[in-house]
Amino acid sequence: MDEKIKDAFHQAYAGESKAALRLKMYAKKAQEEGLPQIAKLFQVISFSEEIQGARALRMLREIKNTEDNLKASFESTTKIAGVAYEQFVKEAADRGDTTASTIFSQCRDVEDIHSKLYKEAMSHLMEDRETIYYVCSACGYVSDGMLPDRCPVCQAPKEQFSKF
Ligand SMILES: [Fe+2]
């Protein structure tokens, strides 16, 4: 693919992904404000943006087989935890912003756990393993097979976990 076109698809993918999440949050807010029809509009456009983002991603040929996708996800999450978030924690701490530094350090810890989950999945790829995951809705911590009393990363109570 021509480099210029590739770059355009990258930009489309990044922009549409961000818009999809932002609109999902707007929909939640509209729902809280008692505006279900507006919430629906945000949800629908969020879904539409997601379709556009997925289309760009497919054009970039970045979706491989599952083994490769696990490997790519492991590498990306490891880099985000160890490089990006590590740096963000430091920058926030240097500026005395404890809230930001706490959030970034929790993000880093959650990403570390994602890395471990990917690594485990890579070594048990073909096994017929069935598990239940619990995700903390406050910080994103993922627990494999067990619902903790409190989130080990952010201390949220177990009622705040979603089951998958
Ligand atoms: Fe949490």
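The numbers attached to residues start from 1 for each chain and follow its sequence in the written order. A pLDDT threshold of at least 70 governs which residues receive local features in this predicted model, and a stricter bar of 80 or more applies before side-chain atom pairs are shown or counted, although totals over entire chains, interfaces and linings include all residues.

**Student:** What should I look at first to understand the environment of Val89 in this one?
**Tutor:** A run of H or I in DSSP counts as a helix once it spans at least four residues, and a run of E counts as a strand once it spans at least two, with each numbered from the N terminus. Tracing the sequence through the fold places Val89 in helix 3 (residues 66-94). Residue classification places Val89 among the partly exposed positions, given that 19 C-beta atoms sit within 10 Å. Placed 77 residues apart in sequence, Val89 and Ala12 show a C-alpha to C-alpha distance of 29 Å. Throughout, a pair of residues is in contact if the C-beta atoms placed from their backbones lie within 7 Å. In this structure Val89 touches Ser101, Phe104, Ser105 and Arg108, once residues within four positions along its chain are discounted. Backbone-placed C-beta atoms define the burial measure: a residue is buried with 20 or more other C-beta atoms within 10 Å of its own, exposed with 12 or fewer, and partly exposed in between.

**Student:** So what exactly am I meant to see when it comes to the environment of Ser137 here?
**Tutor:** Tracing the chain through its elements places Ser137 in the loop between strand 1 (133-136) and strand 2 (142-144). For the pair Ser137 and Glu62, spaced 75 residues apart in the sequence, the C-alpha separation amounts to 29 Å.

**Student:** Would you explain the nonpolar core in this entry?
**Tutor:** A general feature of soluble globular proteins is that nonpolar side chains tend to end up buried together. Here a nonpolar core is just a set of buried residues of the types Ala, Val, Leu, Ile, Met, Phe, Trp, Tyr and Cys, joined wherever their C-beta atoms sit within 7 Å. In terms of nonpolar packing, the biggest core is built from six residues, these being Val110, Cys136, Tyr141, Cys151, Val153 and Phe161. With residues near it in sequence (within four places) discarded, Tyr141 still touches Val110, Ile113, Cys136, Cys151, Pro152, Val153 and Cys154.

**Student:** How do you make sense of the packing of helix 1 (residues 3-32) against helix 2 (residues 36-59) when you look at a structure like this?
**Tutor:** Helix-helix packing is characterised by the crossing angle of the two axes and by the distance between the axes. Axis geometry follows a simple rule: fit a line to the C-alpha atoms, using only the stretch in contact for helices, then measure angles between N-to-C directions, giving values from 0 to 180 degrees. Between helix 1 and helix 2, the shortest axis-to-axis distance is 7 Å and the interhelical angle comes to 160 degrees. On the basis of the axis angle, helix 1 is roughly antiparallel to helix 2. Of the two elements, helix 1 crosses helix 2, and the hand of that crossing is left-handed. Just so you know the grouping, Ala, Val, Leu, Ile, Met, Phe, Trp, Tyr, Cys and Pro go in nonpolar, Asp, Glu, Lys and Arg go in charged, and all remaining residues, Gly too, go in polar. Taken together, the residues of the contact of helix 1 with helix 2 sort by class into 17 nonpolar, six polar and four charged. Throughout, the term roughly parallel applies to angles under 35 degrees, roughly antiparallel to angles over 145, roughly perpendicular to angles from 65 to 115, and oblique to all others. Put simply, a crossing is left-handed when the front helix is turned counterclockwise from the back one by less than a right angle, and right-handed when it is turned clockwise.

**Student:** How should I be thinking about helix 4 (residues 98-123) in this particular structure?
**Tutor:** Note: α-helices contain 3.6 residues per turn, so residues at a spacing of three or four share the same orientation. The span you would expect from a helix comes to 1.5 Å times its residue count less one. For helix 4, spanning 26 residues, the distance from its first C-alpha to its last is 38 Å, which sits close to the expected 38 Å at 1.5 Å a residue. Packed against the buried residues of helix 4 are helix 3.

**Student:** Is there a simple way to think about the domain arrangement of the chain in this case?
**Tutor:** Accessible area lost on assembly of the parts is the figure often given for the size of an interface. Residue ranges assigned to each domain were obtained from an automatic or database domain assignment. Under the domain assignment, the chain is made up of domain 1 (3-59) and domain 2 (66-163). Once you take the C-alpha centre of each, domain 1 and domain 2 turn out to be 23 Å apart.

**Student:** I keep staring at the sheet that holds strand 3 (residues 161-163) and nothing clicks. Help me out?
**Tutor:** In sheet architecture, strand pairing relies on hydrogen bonds along the backbone and comes in two forms, parallel and antiparallel. Pairs of strands are assigned from DSSP output, requiring at least two bridges between the strands. In spatial order, the strands read 2-1-3; together these three strands make up an open sheet with antiparallel pairing. The strands lining the two open edges of the sheet, one partner per strand, are strand 2 and strand 3. Across this sheet, the average inter-strand angle for adjacent strands is 25 degrees, counted without regard to direction. Two elements, strand 1 and strand 2, share three bridges in a ladder whose sense is antiparallel.

**Student:** Even after reading the chapter, I still don't get the packing of helix 3 against helix 4, so can you show me in this structure?
**Tutor:** Between helix 3 and helix 4, whose axes approach to 8 Å, the crossing angle comes to 165 degrees. Here helix 3 lies roughly antiparallel to helix 4, going by the angle between them. Pair helix 3 / helix 4 crosses with left-handed handedness.

**Student:** Just to check I follow, could you spell out unusual backbone geometry for this structure?
**Tutor:** Both trends apply: most residues other than glycine have a negative phi, and most peptide bonds are in trans. In this structure, Arg61 takes a positive phi of about 55 degrees despite not being glycine. Note on placement: Arg61 falls in the loop between helix 2 and helix 3. We classify Arg61 as exposed; it has 10 C-beta atoms within 10 Å. Despite not being glycine, Gln155 shows a phi value in the positive range, around 70 degrees. Locating Gln155 in the fold gives a position in the loop between strand 2 and strand 3. Look at Gln155 and you get exposed, because 10 C-beta atoms sit within 10 Å.

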